[in-house]
Amino acid sequence: MKSFLRTCTALALVASFGGQVTAQEMLQSLGAGEGEVSIIAWAGYIERGETDPKFDWVTKFEADTGCKVSVKTAATSDEMVALMNEGGFDLVTASGDASLRLVAGKRVQPINISLIPNWSTIDERMQNSPWHTVDGVHYGTPFVWGANVLMYNTDAFGGTAPDSWNVVFEEMTLADGQSNKGRVQAYDGPIYVADAALYLMYHNPELGIKDPYALNEDQYKAALDLLRVQRTLIGRYWHDAFVQIDDFKNEGMVASGSWPIMVNLLKADGAPIASVFPKEGVTGWADTTMLHADSEHPNCAYMWMNHSLENYVQAGVSAWFGTVPSVPAACEGSDLLGADGCKVNGSEDFDKIRFWRTPTAKCEQGECVPYYRWVSDYVGVIGGR
């Protein structure tokens, strides 16, 4: 209750200053920080310089606010939802295939953007995105976004970039004279059904798929059938970024959907790795920092949400992970990102990405297959059913 009252007082202070005060200054002036904030995050999203001293956006926050940051790394959106359901956390960096589930399950609370002075710096395309805004109510702060790229071994492909996802969906002989069978990977998460649907949108237009996250029974069956064929080619279903990195370095993997952070780390290590947007298009993620419905440290959480929109944080995360900032100004003047960093990470490809979104039973074409079936059926596909 005390934290709630202090937050209400902080809101009044913002109004009195016309919003021209940072959340840290505002809440610090009240002595309102609770001393800690716990965050569920994707690997690489919350860095304090332990891996590389250049990438640290936690130390200064802790010094400025007195809020000690603790992080629980999650490997999948389903794990994030499960952890939020268990409780005990303040924030989560949720992707679009988790965010609406958290809203529907009442595991996150609406946020008051008046308590986030940096909100005005967010890309206008992200401010009211449907994966965190419901009936005009905001349930989180946009963080960063990016694409699920096709990562490939340049030696295996003879130095020529593949132009299609067929290299992970169909058996073929690659430029190195070997089959792709056993040397490709797929993402270990039900949302990957959308990648199969996206592939079918391009190659089987007679199915009438318009949205890879809104599939009727026939469209859904076709996607599952494609995934069952793909299973015969898969060397591993991945969900751990660093396991995938090891597989491409040491286990002979040559092609997979991946995140830019794995591409960047492998290239930095001298591996013959590159990535591409295939002709069928790509899925992607736009992540949102969301506040738990029962957060015990809401004031520190609000301070973190505002801090996450600082230019140096946005630039640092994007340079480290290979994302695009939700704050466009972060693309300018960052030594970490460089002059073309945002462009390299896909800032001009926003309209080409089909961002993750939780499938629902009600959709534009009437009845669609809901997410709970994606979960059970994808487990079946992986298990050979």
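Residues numbered from 1 in each chain as written. Predicted model: local features only at pLDDT ≥ 70, side-chain atom pairs only at ≥ 80, totals over all residues. Heavy atoms only, no water.

(A) Looking closely at helix α5 (residues 96-104). Within the span of α5, buried status applies to Gly96, Asp97, Ala98, Ser99, Leu102 and Val103. Those residues of α5 that are buried are in contact with α4 (77-86), β3 (91-94), β4 (133-134) and β12 (282-291). Phi turns positive one or two residues past the end of α5, at lysine 106, with a value near 60°. (Buried < 20%, exposed > 50% of the residue type's maximum accessible area, 1.4 Å probe, protein only. Helix = DSSP H or I, 4+ residues; strand = E, 2+ residues; numbered from the N terminus. Contact = heavy atoms within 4.5 Å.)

(B) Highlighting the nonpolar core. Tyr45, Val168, Phe169, Leu227, Trp259, Trp304 and Trp374 are the most contacted members of the largest nonpolar core, which totals 116 residues. Looking at this core element by element, the count peaks at eight residues for helix α8 (residues 193-203). In contact with tryptophan 374, other than residues within four places in its own chain, are Pro190, Ile191, Val193, Ala194, Pro212, Tyr213, Leu215, Tyr220, Pro359 and Val369. Counting residues in each nonpolar core, the second largest holds five residues, with Ala330, Cys331, Leu337 and Cys342 among its members. (Core = buried A, V, L, I, M, F, W, Y, C linked by side-chain atoms within 4.5 Å.)

(C) Inspection of the confidence of the model for the protein at higher detail. For the protein, the mean per-residue pLDDT works out to 91, and 92% of the residues sit at or above 70. Note on residues 1-21: pLDDT under 50 across the span, and 28 contacts to partners over four residues away in sequence or across chains. (pLDDT = per-residue confidence, 0-100.)

(D) Focus on the packing of α4 against α5. Two numbers describe how α4 lies on α5: the axes approach to 9 Å, and their chain directions differ by 25°. Taken as axis vectors, α4 and α5 run roughly parallel relative to one another. Between α4 and α5 the crossing geometry is right-handed. Here Ser77, Asp78, Val81 and Met84 of α4 lie close against α5, whose contacting residues are Asp97, Ala98, Arg101 and Leu102. Residues that form the contact of α4 with α5 fall into these classes: four nonpolar, one polar and three charged. (Axes fitted to C-alpha atoms, helices over the stretch in contact; angles between N-to-C directions. Parallel < 35°, antiparallel > 145°, perpendicular 65-115°, else oblique. Left-handed = near helix turned anticlockwise from the far one by under 90°. Nonpolar A, V, L, I, M, F, W, Y, C, P; charged D, E, K, R; others polar.)

(E) Looking closely at the pairing of strand β7 (residues 149-153). Counting buried residues along β7, five of its five residues qualify, which places the element largely inside the surrounding structure. Of the two faces of β7, both are covered, the one formed by Val149, Met151 and Asn153 as well as the one formed by Leu150 and Tyr152. Where β7 meets strand β11 (residues 273-276), four bridges bridge the pair, whose relative direction is antiparallel. Across the sheet, the residue bridging to methionine 151 is serine 275, located in β11. (Pairing = 2+ DSSP bridges.)

(F) Region of interest: the sheet that holds strand β8 (residues 184-187). Read across the sheet, five strands follow the order β9-β8-β10-β7-β11 without closing on themselves; strand pairing throughout is mixed. Sheet topology places β9 (234-238) and β11 at the edges, where each strand pairs with a single neighbour. Going across the sheet, the axis of each strand differs from the next one's by a mean of 30°, ignoring polarity. Those strands touched by helix α10 (residues 241-250) are β7, β8, β9, β10 (255-258) and β11, and its axis lies near 160° from that of β10.

(G) Summary view of the packing of aromatic side chains. One pass over the full model with this rule turns up 21 aromatic pairs. With a centroid separation of 4.9 Å and an interplanar angle of 90°, the aromatic rings of phenylalanine 61 and tryptophan 304 are classed as edge-to-face. Pair noted here: phenylalanine 61 is in helix α3 (residues 59-65) and tryptophan 304 is in helix α12 (residues 298-307), with a separation of 243 residues, a long-range link. Both residues of the pair, phenylalanine 61 and tryptophan 304, count as buried. (Phe/Tyr/Trp six-rings, centres within 6.5 Å; stacked < 30°, edge-to-face > 60°.)

(H) Quick look at the environment of arginine 231. Looking at the secondary structure, you find arginine 231 in helix α9 (residues 217-231). Classification of arginine 231 as partly exposed rests on a relative accessible area of 35%. As a C-alpha pair, arginine 231 and glutamine 185 span 46 residues in sequence and 9.1 Å in three-dimensional space. Sequence-distant contacts of arginine 231, defined by excluding residues within four places in its chain, comprise Tyr237, Val381, Ile382, Gly383 and Gly384.

(I) Representation of the state of the cysteines in the model. Scanning all chains against the criterion turns up three disulfides. Between cysteine 67 and cysteine 300 runs a disulfide, and the two sulfur atoms are separated by 2.0 Å. Taking the torsion about the S-S bond as the criterion, the cysteine 67 to cysteine 300 disulfide, at about -80°, is left-handed. Residue cysteine 67 is located in the loop between α3 and β2 (68-74), and its partner cysteine 300 is located in helix α12; the two are separated by 233 residues in the primary sequence. Take cysteine 300: its relative accessible area is 0%, and that puts it in the buried class. Between the sulfur atoms of cysteine 331 and its disulfide mate cysteine 342 the distance is 2.0 Å. Disulfide cysteine 331-cysteine 342: the torsion about the S-S bond is -95°, which places it as left-handed. (Disulfide = S-S within 2.5 Å.)

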